[in-house]
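# Fold and geometry: a report
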Amino acid sequence: MTTRITELLGVKYPIIQGGMAWIAESTLASAVSNAGGLGLIAGGSAPIDYLRDQIRKTKELTDKPFGVNIMLMSPNAEELAQLVIDEKVPVVTTGAGNPGKFMTAWKEAGIKVIPVIPSVALAKRMERAGADAVVAEGTESGGHIGENTTMCLVPQVVDAVEIPVIAAGGIADGRGIAASFMLGAEGVQVGTRFLASEECQIHPTYKQLVVDAKDTDNVVTGRTTGHPCRNVKTKFAKKLAGGEMNGTITPDEFEEITLGSLRKAVQDGNLEEGSFLCGLIAGMVKDVKPCKEIIEEMFGQAEKLLNR
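What comes next concerns the included structure. (Residues numbered from 1 in each chain as written. Predicted model: local features only at pLDDT ≥ 70, side-chain atom pairs only at ≥ 80, totals over all residues. Heavy atoms only, no water.)

### A few points about the layout of surface pockets
Considering only enclosed or pocket space, the second largest pocket measures out at about 170 Å³ in volume. Every residue along the wall of the second largest pocket is listed here: Glu140, Thr150, Met151, Gly169, Gly170, Ile171, Gly176, Ala179, Ser180 and Leu183. When residues of the lining of the second largest pocket are traced back to their parent elements, those giving at least two are α7 (150-160) and α8 (174-182). Broken down by element, the residue count for the lining of the second largest pocket peaks at three residues, all from α8. When the residues that make up the lining of the second largest pocket are grouped by side-chain class, the tally is four nonpolar, five polar and one charged. (1 Å grid on protein atoms, 1.4 Å probe; cavity = no way out; pocket = protein on both sides within 12 Å on 5 of 7 lines; lining within 4 Å. Points joined across faces, edges and corners; volume = space filled by probe spheres on them. Helix = DSSP H or I, 4+ residues; strand = E, 2+ residues; numbered from the N terminus. Nonpolar A, V, L, I, M, F, W, Y, C, P; charged D, E, K, R; others polar.)

The structure is reproduced here in structure tokens:
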């Protein structure tokens, strides 16, 4: 399936693995890249030495293209922006901010830059700044979310920019890929489906929550803080959402309670204090498979649908 995205990234399949904080590391990223997609390492707020090590491990595990996701609101964003140049990372995706001030240096270093955007206005701004493509991410996705849905956002972004558009949010099988292509996207970004991959290093409890999730096992927390986040519905997540709604948890208290909660979920499987970030599509994820099998299955189904 050749598109401007496969040509831009030098990959077999037009799929990017989501840059999920504390989750997307060298093992998962290299597995996705080796399977023909583009694996990502999540920058988040992780220490620079750790991220340098993850980048170098990925290079040892694959000779295929891979990337790093930089959350621009992170306190170490400037260091990470330089790190990807120093380590000759081929692709950078960005979120939670405007990468404009880093764009010139990245482009001069030969890095492909693909911002994740929640709106048409930001897509246009990123195109003007020199982005090679954009990821139009709908509210169905896991983790930090906007309000627009994938179905509504993607075609509007496609109409607004000339650069390629990658669809994200609510995609877990070939039908989601085919639908994205019909909306005008030339690639997809997938996160939740890869949580249930053999190579994903999350705690077994986290992985099982994804596999067991039904269509309604999802909740958004953090709306009062201005940083809404989509989670698997656990007692902890319901407590947070309920406290926000009835006012018993203030925004400051929310930030204090959730400090380190993603790490507690990923590393410890802590159901009492962990935030298990996950997209709405988890109800369709029924099994754990290798990344290669996931990607080949998804695109096999998509190609059949698109060739009808």
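### Section: the packing of α8 against helix α14 (residues 291-306)
Two numbers describe a pair of packed helices, the interaxial angle and the distance between the axes. Look at α8 against α14: their axes get within 7 Å of each other, and the N-to-C directions meet at 50 degrees. With respect to each other, α8 and α14 are oriented oblique. By crossing handedness, the relation of α8 to α14 is classed as right-handed. Residues Gly174, Arg175, Ile177, Ala178, Phe181 and Met182 of α8 form the contact with α14, whose participating residues are Met298, Phe299, Gln301, Ala302, Leu305 and Leu306. Across the contact of α8 with α14, the residue classes tally to nine nonpolar, two polar and one charged. (Axes fitted to C-alpha atoms, helices over the stretch in contact; angles between N-to-C directions. Parallel < 35°, antiparallel > 145°, perpendicular 65-115°, else oblique. Left-handed = near helix turned anticlockwise from the far one by under 90°. Contact = heavy atoms within 4.5 Å.)

### Notes on the environment of valine 190
Tracing the backbone shows valine 190 in strand β9 (residues 187-190). Taking the relative accessible area as the measure of exposure, valine 190 reaches 0% and is therefore buried. With 184 residues separating them in the primary sequence, valine 190 and threonine 6 have C-alpha atoms 15 Å apart. Once residues within four sequence positions are removed from consideration, valine 190 is found in contact with Ile15, Ile16, Gln17, Gly18, Ile171 and Met298. (Buried < 20%, exposed > 50% of the residue type's maximum accessible area, 1.4 Å probe, protein only.)

### Looking at the packing of helix α3 (residues 48-61) against helix α4 (residues 77-86)
Interaxial distance between α3 and α4 falls to 11 Å at its minimum, and their mutual angle equals 25 degrees. If you check the angle between α3 and α4, you find them roughly parallel. Of the two elements, α3 crosses α4, and the hand of that crossing is right-handed. On the side of α3, the interface is formed by Ile48, Leu51, Arg52 and Ile55, while α4 contributes Glu79, Leu80 and Leu83. Split by residue class, the contact of α3 with α4 holds five nonpolar, no polar and two charged.

### Let's talk about the pattern of salt bridges
Applying the stated rule across the entire model yields 17 salt bridges. For the salt bridge of aspartate 49 with arginine 52, the shortest nitrogen-to-oxygen distance reads 2.9 Å. Of the two residues, aspartate 49 and arginine 52 are both situated in helix α3; the distance of three residues between them amounts to about one turn of the helix. The class of aspartate 49 is exposed, set by a relative accessible area of 57%. Residue arginine 52 is classed as partly exposed on the basis of its relative accessible area of 27%. Put simply, glutamate 297 and lysine 289 hold a salt bridge, and the shortest N to O gap is 2.5 Å. Owing to a relative accessible area of 42%, glutamate 297 belongs among the partly exposed residues under this scheme. One salt-bridge network, in which partners are shared between bridges, spans Asp49, Arg52, Arg56, Lys59 and Glu87. (Salt bridge = Lys/Arg side-chain N within 4 Å of Asp/Glu carboxyl O.)

### Here's the deal with helix α5 (residues 100-108)
Among all positions in α5, only Phe102, Met103 and Trp106 are buried. Considered in projection along α5, the buried side chains sweep an arc of 120 degrees and stay on one side of the axis. The exposed residues of α5 that point more than 90 degrees off its buried face are Lys101, Thr104 and Glu108. Structurally, α5 contributes buried residues whose contacts are with β3 (66-71), α4, β4 (91-95), β5 (112-117) and α6 (120-129). Once α5 ends, the next one or two residues include glycine 110, with phi positive near 80 degrees. (Arc of directions from axis to C-beta.)

### So, the packing of aromatic side chains
All chains considered together, the criterion is met by three aromatic pairs. Between tyrosine 206 and phenylalanine 276 the ring centres are 5.1 Å apart and the planes differ by 85 degrees, which places this aromatic pair in the edge-to-face class. Note that tyrosine 206 is positioned in helix α10 (residues 204-212) and phenylalanine 276 in the loop between α13 (261-268) and α14, a separation of 70 residues in sequence. Residue classification places tyrosine 206 among the buried residues on the basis of a relative accessible area of 0%. By relative accessible area, phenylalanine 276 is classed as buried at 1%. For the cation-ring pair, arginine 263 lies above tryptophan 22, with the distance from its terminal atom to the ring centre recorded as 5.4 Å. (Phe/Tyr/Trp six-rings, centres within 6.5 Å; stacked < 30°, edge-to-face > 60°. Lys NZ or Arg CZ within 6 Å of the ring centre and 35° of its normal.)

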